[in-house]
Amino acid sequence: MVVKRFLEPILEPKFDKDSYGYRPKKSAHDALSMARQRCWDYDWVLDLDIKSFFDDIDWELLMRAVRRHTDCKWVLLYLERWLRAPVCMPDGQLIHREKGTPQGAVVSPVLANLFLHYAFDLWMRREYPDVQFERYADDAICHCRSEAQAQELRLALEKRLAECRLRLHPDKTKIVYCKDANRKGTFPERTFDFLGYTFRPRLAINRRGEHFVSFIPAVSKKAAVKMRRRVRAWRLHWRSDLDLDAIAEWVCHVLRGWVNYYGRFYPSQLRDELRTIDKFLVRWLHRKYKRFRGHTMKKWEWLRSLKRRRPDLFAHWTLKPMAG
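This one's a predicted model, so the numbers in the text were calculated from it and none came from an experiment.

A. Examining the overall build of the protein chain more closely. When you go through the protein chain residue by residue, the secondary structure sums to 12 helices and 9 strands. Projected onto the principal axes, the alpha-carbon positions of the protein chain cover approximately 75 × 55 × 35 Å. Looking at the 324 residues of the protein chain, the share that counts as buried comes to 48%. Of the contacts formed within the protein chain by residues at least 6 apart in sequence, a portion of 65% connects residues at least 24 apart. A distance of 8 Å separates the average location of the 65 positive side-chain charges in the protein chain from that of its 41 negative side-chain charges.

Take a look at the structure:
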């Protein structure tokens, strides 16, 4: 933390405006908002995946980048010692490393941003100044005018990252067509994931109430699966020892976190994904009160009535039923 507090004020003014990961006054939502706008402006996206980035960071190149910004001996000493320290596994085994930074360490995001500032950001501004991008740590997408430009950029980036001793994932890196109502043609890749959201063609409504197809983000299937697994693990339907307010208080912090993050764009998708909670509440009602047993419609009517009377009881009930 001491090293992070020393380096961050020095490095932060140097970092690119489209680098969003783990930076003051920047967020994942900022990156997603910019990506959404640029997907409307540009027809093609190069979705990048750097294979095992944190495990493959080259120490020599990283320390060379650090020395370009500070010659403070104690900072350099502790960084080198920290990078070379063996990793203790859960079984007690010590693993000696020759490259990489441990994920989860306090100073890792700053060092990762510094490494990619030179390996990617500055290189992009110099070699492809007309290509816009958003980068969040090692997760990045580039916006291209044409498929040919995206293919050229992919090949160039493979060479550039190889020079920096990194690799693009051959299967996860892909070129995507941002299909919407105004873009013609059919192409195999029309969807990509970025920061827990899936960008793809979706039905939207304009200000005049007209339906159209837009290329916009919504909570990804991968994120939704993790949420549903968490909900199932709560086993709400077995908690007949709790009243409704106690259940709401028990899960409220997690639900608010999901809604605040995944409900920012196209909230109706998140609302649909979290209907699992409503099903468990109905099953909880069945076990809690004998008078509801055997009356499926009555239980769902009770739930709809509860939503009207107390719409803020569960955070996902506040989500809009249809995207605008």
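B. Here's a closer look at the nonpolar core. Ranked by size, the top nonpolar core spans 51 residues in total, and within it Phe 192, Phe 194, Phe 199 and Phe 314 carry the most contacts. Elements with a minimum of two residues in this core: α2 (28–41), β7 (192–194), β8 (197–205), β9 (211–219), α8 (221–234), α9 (244–262), α11 (275–288) and α12 (296–309). With 8 residues, the single largest contributor to this core is α9. Setting aside residues no more than four positions away along its own chain, Phe 314 makes contact with Leu 244, Ile 247, Ala 248, Val 251, Leu 255 and Leu 281. Counting 49 residues, the second-largest nonpolar core is a separate cluster that includes Leu 48, Ile 57, Leu 79 and Leu 83.

C. Geometry of the pattern of salt bridges. On inspection of all chains with the given rule, the structure shows 27 salt bridges. When the shortest N-O distance is used, the salt bridge between Lys 99 and Asp 56 registers 3.4 Å. Highlighted residues: Lys 99 in the loop between β3 (94–95) and α6 (108–127) and Asp 56 in helix α3 (residues 53–56), separated in sequence by 43 residues. For the salt bridge of Arg 183 with Asp 180, the shortest nitrogen-to-oxygen distance reads 3.7 Å. Of the two residues examined, Arg 183 and Asp 180, each falls in the buried class. Within the structure, one salt-bridge network assembled from shared partners comprises Asp 16, Lys 17, Asp 18, Arg 38, Arg 125 and Glu 134.

D. Inspection of the packing of aromatic side chains at higher detail. Applying the stated rule across the entire model yields 21 aromatic pairs. An aromatic cluster of three or more residues is present, and its members are Tyr 197, Tyr 261, Tyr 262 and Phe 265. Between the NZ or CZ atom of Arg 239 and the centre of the ring of Trp 250, over which it lies, the distance is 5.3 Å. Looking at Arg 287, its charged tip hangs above the ring of Trp 238, at a distance of 3.7 Å from the centre.

E. Representation of the sheet that holds strand β4 (residues 132–136) in the model. Taken together, the 4 strands give an open sheet; going across it, the order is β4-β5-β1-β6, and neighbouring strands pair in antiparallel fashion. Strands at the two margins of the open sheet, each flanked by one partner only, are β4 and β6 (174–177). The mean angle between the axes of side-by-side strands here comes to 20 degrees, regardless of whether they run parallel or antiparallel. Bridge analysis of strand β1 (residues 44–49) against β6 gives 4 bridges, and the strand direction is antiparallel.

F. Looking closely at the environment of Leu 303. Secondary-structure assignment places Leu 303 in helix α12. The exposure class of Leu 303 is buried, given its relative accessible area of 2%. Sequence separation between Leu 303 and Ser 19 is 284 residues; the distance between their C-alpha atoms is 44 Å. For Leu 303, the contacting residues outside a window of four places in its chain are Asp 278, Leu 281, Val 282 and Trp 317.

G. Quick look at the sheet that holds β8. Reading across the sheet, the 3 strands line up as β7-β8-β9 and stay open at both edges, with antiparallel pairing between neighbours. For this open sheet the edge positions go to β7 and β9, each flanked by a neighbour on one side alone. Neighbour to neighbour, the strand axes of the sheet diverge by 50 degrees on average, direction disregarded. Two strands pair when backbone bridges link them, and β7 and β8 are joined in this way by 3 bridges, in the antiparallel orientation. Across the sheet, the residue bridging to Phe 192 is Phe 199, located in β8.

H. Spotlight on α2. In this model, α2 (14 residues) spans 20 Å end to end at C-alpha, consistent with the 20 Å of a helix rising 1.5 Å per residue. Among the residues making up α2, those that are buried are Ala 28, His 29, Ala 31, Leu 32, Ala 35, Arg 38 and Cys 39. Looking at where α2 begins, the residue whose side-chain oxygen comes 3.4 Å from the main-chain nitrogen of His 29 is Ser 27.

Rules behind the numbers
Residues numbered from 1 in each chain as written. Predicted model: local features only at pLDDT ≥ 70, side-chain atom pairs only at ≥ 80, totals over all residues. Heavy atoms only, no water. Helix = DSSP H or I, 4+ residues; strand = E, 2+ residues; numbered from the N terminus. Buried < 20%, exposed > 50% of the residue type's maximum accessible area, 1.4 Å probe, protein only. Contact = heavy atoms within 4.5 Å. Lys, Arg positive; Asp, Glu negative; His and termini not counted. Charge placed at Lys NZ, Arg CZ, Asp CG, Glu CD. Core = buried A, V, L, I, M, F, W, Y, C linked by side-chain atoms within 4.5 Å. Salt bridge = Lys/Arg side-chain N within 4 Å of Asp/Glu carboxyl O. Phe/Tyr/Trp six-rings, centres within 6.5 Å; stacked < 30°, edge-to-face > 60°. Lys NZ or Arg CZ within 6 Å of the ring centre and 35° of its normal. Pairing = 2+ DSSP bridges. Axes fitted to C-alpha atoms, helices over the stretch in contact; angles between N-to-C directions. Expected span 1.5 Å × (residues − 1). Polar contact = N/O pair within 3.5 Å; in protein donor to acceptor, adjacent residues only side chain to side chain.

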